[in-house]
Amino acid sequence: MPDPLVETKLLLPRPRQQAVPRPRLAALLAAAREAPVTLVSAPPGFGKTTLLSTWLAPDAPGGADRPVAWVSLDERDRHGRLWTYLLLAIDRAVPGTATAALTLLQSGQASVETVLADVVNELSVTTDEVTVVLDDYHLVDGPEVAEGMAFLVDHLPPQLHLVVSSRADPRLPLARLRARGELVEIRAAELRFTGEEVFAYLNDLHGLDLAASAVRALETRTEGWAAALQLAALSLRDRADTAGFIDRFAGDDRFVVDYLVDEVLDRQPDDVRRFLLDTSVLDTMTASLCDAVSPPGDADVEQPRGRGRAMLDLLDRQNLFLVPLDDHRRWYRYHHLFGDVIRAHLLQERPGDVAGLHRRASRWYAEAQQPEDAVRQALAAGDVDVAADLAERAIHELGRHRRESVIRRWVDELPDEVVAHRPVLAIGLIGGLMASNEFEGVDQRLREVEAMLDEPSSELVVLDQHELSAVPARIEMYRSALALVGGDSSEAIRRARAAITDAPEGDDFTVAAASSLAGLAHWASGELAEAHEGYVAAADGLTRVGRIADVLGCSLTLADLELALGRLRAAERTLEGGLELAGRHRPAGGEGPGVLRGTADMLVALSRAAWHRNDLTAAADLLRRADDLGESAGLPQNPYRWRVAMARLRVAERDWAAALELLDEAERVYVGDFSPPVHPIHASRARVLAASGDLSGALAWARTHRLDAADELSYLREFEHVTLARILLAEHGATGDADALMSATGLLDRLLEAAVGGDRDGTVIEIEVLRAQAAHAAGDETAAVDAIEHAVDLAEPDGWLRFFVGGPRAIAETLQVLASSRPRSGFVRDLIGAVVVLPGEADVGIGSPVRDVAAYRGADGRERPSLVDPLSERELEVLRLLGSDLDGPGIARHLVVSLNTVRTHTKHIYTKLGVNNRRSAISRAHQLGLLSRSGRDHQGPHQMM
């Protein structure tokens, strides 16, 4: 799983219950409501967050009519987490608009620009406007996020208003925004308190009853700086000699702050002052953590609990710069400026205590099972060996929960000289690099680990001897992965086998990982039986170590391999077993569908098996169930897999346009993994083109991908070459071109030899049906019957039907000849009953023509769900365009209507379909058949009247 997210960072801060009215800022804030981008830029302590939280509060004037997506940033958000928080905030403000983008981002295989384009397109057609606030943006500003932010700013939809609050000007195209009139700026000059506001703040709000001259003096010396005024007000409480204090109050900003903090701290009781300095080493605080870091009395003596809670409550009541982070007031932080200064005072006054405070914090985090913070605090304490111990113990569990990004950060944070004597830690850090797809330098690191193993054991630091015994095998495992990345399958297999051999007893993870690497290498080489063996071992090992989501991924691969090997029933058992496993490991509590990620993928894969059996009713139902679970129940590859599966059903309805749209969408949302691309979407698209009669488009595809009937064959391109054979047969059928038939026949003969040699019986069935078609076209009926008989022999045990359905009349006639020699074969009778012959058309391999059915029925022959409130003609037009790459303004231009009209239609469509975003609308429309050529009739049986 990704790094845990801090929910409180998405909460709009509570506005102060008592605040000084600042009507002069109203005009700027009113302009900000309409501007694409607003920048609030000022030094610390100028009230940027207070201004925005007060302005955007639900009960503020004009604050309740627009949702707010608020993100409070910190330094750790710079490396990627910014986008996760941003999308979560938008999705919660306008539900559904960023769901798909989040899934795409979490896959780790799509660019930030692609992810942002998805949410921009979703927002562009919604009627809701949203204000997105990035608070403390200076903490993440840098080259890591600059390109993504520039892309977002350049493509902001009218519905999104971006507010950036920062201590320094961000790396955004500010000059261009100013020139276009698209930027509102609120800076220190506007944020400084005026004389009237200072008077109201000190006298009305704090009740100090200062003379006008005293207020003017403070205004001059603080220059209207809100933080300094707040500190001055605290210092002036209950002070008799206010005039003397104000007379002595002078200096630049930093001096003023230091002076005032001294005054504030000096006026606190000793225990409160000590608590403030002790806890200054913490980024966030909760009662028990404070108890651990700042216990009363002797820190080495067990103390009664409860002081931390009482202190936090006291500081909160006295407004001593404590910021609550949740509605329950369990977690807090200090005001950033105040925290900086009290940390500086801790270093000045008690430098010898600093390490001990960090050390106590580290122990608390370690006991709380928060290794990331435990390591950080140990490093701050200078305890590098303790930090290394904590990291070494945590790596296994972090990997099990897919938190490799934390491990990757430790590569940079842990000193090389400490790692240099810790082989277990070093190999674990290499795993973090590999999981992050950072391969450069890994080979050198592996050599360094090998050198460590040659050192005397007395010079090594090892916490777990069993883990040490696993290091040699893991070196081989990672070398196998490097070979696979480099395209050397034979070396990858050799290294993987060495890892399996070297793994100590009980090291299930290494054996499982190496087995999967060997399986991938065998799969890419067309050695499917060996690949299957590797993945079975991987799934077993991953199950034992509790990596259930990875087991589901293995199950999908196993099912793919089993289908290619002709084992349809085995594939179904594998997928049903995966579903049962996912059911046993349903997440407890929380939001979402309450199903394990990957469950939807199991259902989509089962729909493919049902399609092979020609059970289109079951296939359609499985796809519906998968879609109903939502995107959070799918692996990153599920969106494209679902669309390819749905395209099969659309082809079965002869709805070529809808099938092509689905395949185009599938390519747009495609997210790959390490599996070899043996069924490329573009080849499936070419099959639809050929079946629909678009031979020029299908032949152009073959030229684009440099496919020829005389090519040297490889398993990786087998699906494409079978597709080429289909196109050539279609060309002969349409034009009578004898060369096309000859080329198809020769190609199919070679493909058959390769598939038989590789025991790929599922592919053999498809090839033999095509060979029968080619033989019949050539007038060789004996060869046609032989090919069909071979296909039937392979298909009958497991019930393969679909490859036979929808072929030319020759297939039906050849089956009739075969039936005469097999009068007792129920399977052949089923085939003859299933085959539907439509002259001039042929199976395309992802679906087949069927008899005309009532327009409101789907490929499964049953009535589709009907809409209570059917879509209008114009709404159907908008719906189809929502499935394209056009954004809201693009749809408006296409239809020659206003953007507001498009938003209105989109809102009505979402309401009628019961969805809240574009992708869900398109998925639901495909379920209902609304995107077919006769979509109006598919809205319900009553539309047939």
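Along each chain, residues carry numbers from 1 onward, in the same order as the chain's sequence is written. In view of the model being predicted, local features appear only for residues whose pLDDT reaches at least 70, and side-chain atom pairs are presented and counted only at 80 or more, with totals across whole chains, interfaces and linings using the full set of residues. Note: side-chain values were computed over all heavy atoms of the structure, leaving out hydrogens and water.

(A) Molecular detail of the overall build of the protein. By the criteria applied, helices consist of DSSP H or I runs no shorter than four residues and strands consist of E runs no shorter than two, each listed in order from the N terminus. Looking only at helices and strands, the protein features 46 helices and 7 strands. Per-residue accessibility, obtained with a 1.4 Å probe over protein chains only, is compared with the maximum for each type, and a residue is labelled buried under 20%, exposed over 50%, and partly exposed between these values. Within the protein, the fraction of its 945 residues that count as buried is 54%. For this analysis, residues touch if any pair of their heavy atoms sits within 4.5 Å. Relative to all contacts within the protein whose residues are 6 or more apart in sequence, the contacts with residues 24 or more apart total 69%. Using a 1.4 Å probe, the Shrake-Rupley method yields the accessible areas, and only the shown protein chains count as cover for residues. Split by element, the accessible area of the protein, about 39500 Å² in all, is 50% carbon and sulfur.

(B) The side chain of Ser166, seen in detail. Along the chain, the position of Ser166 falls in strand 4 (residues 160–166). Taking relative accessible area as the criterion, Ser166 reaches 1% and is therefore assigned buried. Contact partners of Ser166, with chain neighbours within four places excluded, come to Val40, Ser41, Ala42, Lys48, Tyr137 and His138.

(C) Here's a closer look at the sheet that holds strand 2 (residues 68–72). Pairing between strands requires that DSSP locate at least two bridges from one strand to the other. Taken together, the 5 strands give an open sheet; going across it, the order is 2-3-4-1-5, and neighbouring strands pair in parallel fashion. Pairing within the sheet leaves two strands with one partner each, and these edge strands are strand 2 and strand 5 (183–187). Direction aside, neighbouring strands of the sheet carry axes that sit 15° apart on average. Of the pairings in the sheet, the one linking strand 1 (residues 37–41) to strand 4 comprises 5 bridges and is parallel in character. Following the sheet pairing, Ser41 is matched in strand 4 by Ser166. In the packing of helix 1 (residues 26–34) onto the sheet, the strands contacted are strand 1, strand 4 and strand 5, and the crossing angle to strand 5 comes to about 145°. Every axis in this analysis is a line fitted to C-alpha atoms, fitted for helices over the stretch in contact. Angles between the N-to-C directions lie between 0 and 180 degrees.

(D) Layout of the pattern of salt bridges. Within this document, salt bridges are pairs made up of a side-chain nitrogen of Lys or Arg and a carboxyl oxygen of Asp or Glu, the two lying within 4 Å of each other. A complete count under the given rule lists 57 salt bridges for this structure. Here Arg447 and Asp443 are joined by a salt bridge, their closest N and O atoms 2.2 Å apart. With Arg447 and Asp443 both in helix 24 (residues 442–453), this residue pair falls 4 residues apart, about one helical turn. When the shortest N-O distance is used, the salt bridge between Glu796 and Arg822 registers 4.0 Å. Of this pair, Glu796 sits in the loop between helix 40 (781–795) and helix 41 (809–821) while Arg822 sits in the loop between helix 41 and helix 42 (826–834); the two residues are 26 residues apart in sequence, bridging distant segments of the chain. Of the residues examined, Glu796 reaches a relative accessible area of 31% and is grouped as partly exposed.

(E) Representation of the pairing of strand 4 within the structure. Most of strand 4 sits out of view: 7 of its 7 residues are buried. A two-sided burial pattern is seen for strand 4, the buried positions comprising Leu160, Leu162, Val164 and Ser166 on one face and His161, Val163 and Ser165 on the other. Of the strand pairs in this sheet, strand 3 (residues 130–135) and strand 4 are connected by 5 bridges, and their pairing is parallel. Note that in strand 4 the partner of Val133 across the bridge is Val163. Whether a crossover is right-handed depends on one test, that the path from the first strand over the helix to the second runs clockwise when the strands point away from the viewer. The β-α-β motif built from strand 3, the intervening helix 6 (residues 143–154) and the parallel element strand 4 has right-handed crossover chirality.

(F) Spatial organisation of the packing of aromatic side chains. Stacked, tilted and edge-to-face are the three classes applied to pairs of Phe, Tyr and Trp rings, where Trp contributes its six-membered ring and a pair requires centres within 6.5 Å; stacked means planes under 30 degrees apart, edge-to-face means over 60, and tilted covers the rest. Per the stated rule, a full pass over the model turns up 6 aromatic pairs. Both rings, one in Trp331 and one in Trp364, keep their centres 6.5 Å apart while their planes meet at 75°; by these two values the pair is edge-to-face. Of this pair, Trp331 sits in the loop between strand 6 (322–324) and strand 7 (332–334) while Trp364 sits in helix 18 (residues 354–367), placing them 33 residues apart in sequence. Judged by centre distance (4.7 Å) and plane angle (55°), the ring pair of Tyr640 and Tyr670 falls under tilted. Of this pair, Tyr640 sits in helix 33 (residues 638–652) while Tyr670 is found in the loop between helix 34 (656–668) and helix 35 (681–691), placing the two residues 30 residues apart along the sequence. Exposure remark for Tyr640: the relative accessible area of 16% places this residue in the buried category. Among the aromatic residues, those joined into a cluster by ring pairs are Trp331, Trp364 and Tyr365. The positively charged end of Lys9 is found above the aromatic ring belonging to Tyr85, 4.8 Å away from the centroid. Looking at Arg22, its charged tip hangs above the ring of Phe193, at a distance of 4.2 Å from the centre. Only lysine NZ and arginine CZ atoms are considered, and such an atom sits over a ring when it is within 6 Å of the ring centre and within 35 degrees of the ring normal.

(G) Representation of the side chain of Arg479 within the structure. Tracing the backbone through its elements, the reader meets Arg479 in helix 25 (residues 465–485). Using a relative accessible area of 11% as the deciding quantity, one classes Arg479 as buried. Sequence-distant contacts of Arg479, defined by excluding residues within four places in its chain, comprise Asp443, Leu446, Arg447, Glu450 and Arg495.

(H) Representation of unusual backbone geometry within the structure. Residues other than glycine seldom take positive phi values, yet Asp209 does so here, at roughly 55°. Locating Asp209 in the fold gives a position in the loop between helix 9 (195–205) and helix 10 (212–222). Relative accessible area serves as the criterion here: at 70%, Asp209 is assigned to the exposed category.

(I) Spotlight on the environment of Ser72. Counting through the fold element by element, Ser72 comes out in strand 2. The exposure class assigned to Ser72 is partly exposed, which follows from its relative accessible area of 22%. Along the backbone, Ser72 and Leu134 are 62 residues apart, and their C-alpha atoms lie at a distance of 6.4 Å. Looking at Ser72, its side chain comes within polar contact range of the side chain of Trp70, at 3.0 Å. In protein, a polar contact means a hydrogen-donor-capable atom and an acceptor-capable atom, both N or O and within 3.5 Å, with residues adjacent in sequence counting only if both atoms are side-chain atoms; elsewhere, any N or O pair within 3.5 Å suffices.

(J) Broad picture of the nonpolar core. Among the nonpolar cores identified, the biggest contains 189 residues, and Tyr334, Trp410, Leu414, Leu429, Val792 and Phe804 are the most heavily contacted of them. At 10 residues, the largest contribution of residues to this core is made by helix 29 (residues 548–564). Those residues in contact with Trp410 that sit more than four places away from it in its chain are Pro371, Glu372, Val375, Ala391, Ala394, Ile395, Leu398 and Leu429. Core analysis: the next-biggest nonpolar cluster, separate from the first, contains 44 residues, Ala89, Leu116, Leu134 and Tyr137 among them. By convention a nonpolar core is built from buried Ala, Val, Leu, Ile, Met, Phe, Trp, Tyr and Cys residues, the set being connected through side-chain atoms within 4.5 Å.

(K) Layout of helix 36 (residues 695–704). Of all the residues in helix 36, the buried ones are Leu695, Ala698, Trp701 and Ala702. Take helix 36 and look down its axis: the buried residues cluster within an arc of 120°, on one side only. Set apart from the buried face of helix 36 by more than 90 degrees, the exposed residues are Ser696, Arg703 and Thr704. The inward-facing, buried residues of helix 36 contact helix 35 and helix 37 (718–735). The reported arc concerns the directions from the helix axis to the C-beta atoms and nothing else.

(L) Local environment of the environment of Gly428. Turning to its location among the elements, Gly428 is positioned in helix 23 (residues 423–435). Measuring from C-alpha to C-alpha, the distance between Gly428 and Ile395 comes to 6.4 Å, with 33 residues separating the pair along the chain. Each residue touching Gly428, except ones within four places of it in the same chain, is listed here: Ile395 and Ile407.

(M) Fine view of a negative patch on the surface. Patch membership is restricted to residues that have no salt bridge and whose relative accessible area is over 30%. Joining uses 9 Å for like charges and 5 Å for the nonpolar side chains Val, Leu, Ile, Met, Phe, Trp and Tyr. In summary, the charge assignment counts Lys and Arg as positive and Asp and Glu as negative, without counting His or the chain termini. A single reference atom marks each charge: NZ on Lys, CZ on Arg, CG on Asp, CD on Glu. A cluster of acidic residues, Glu527, Glu530, Glu533 and Asp759, forms a negative patch at the surface. Along the chain, Asp759 falls in the loop between helix 38 (738–757) and helix 39 (761–777).

(N) Structural view of the environment of Leu707. Examined against the element boundaries, Leu707 turns out to sit in the loop between helix 36 and helix 37. For Leu707, a relative accessible area of 9% translates into the label buried. As for Leu707 and Leu724, which are separated by 17 residues in sequence, their C-alpha atoms are 7.4 Å apart.

(O) Representation of empty space enclosed by the protein in the model. Method remark: on a 1 Å grid restricted to protein atoms, a set of points is classed as a cavity if a 1.4 Å probe fits but cannot get out and as a pocket if it is open with protein on both sides within 12 Å along at least five of seven lines; lining residues have an atom within 4 Å of a point. Grid points are joined across faces, edges and corners, and a volume is the space filled by probe spheres set on the points. The full count for this structure, using the stated rule, is 3 cavities of 30 Å³ or more. Estimates place the volume of the largest cavity at around 50 Å³. Forming the walls of the largest cavity are Ala100, Thr103, Leu104, Ser107, Pro636, Pro639, Val669, Val671 and Arg919. Considering each element in turn, the lining of the largest cavity owes the most residues, 4 residues, to helix 4 (residues 99–107). Throughout, the ten residues Ala, Val, Leu, Ile, Met, Phe, Trp, Tyr, Cys and Pro are labelled nonpolar, Asp, Glu, Lys and Arg are labelled charged, and all others, Gly among them, are labelled polar. Tallied by class, residues from the lining of the largest cavity come to 6 nonpolar, 2 polar and 1 charged.

Nothing here speaks to function; it is geometry throughout.
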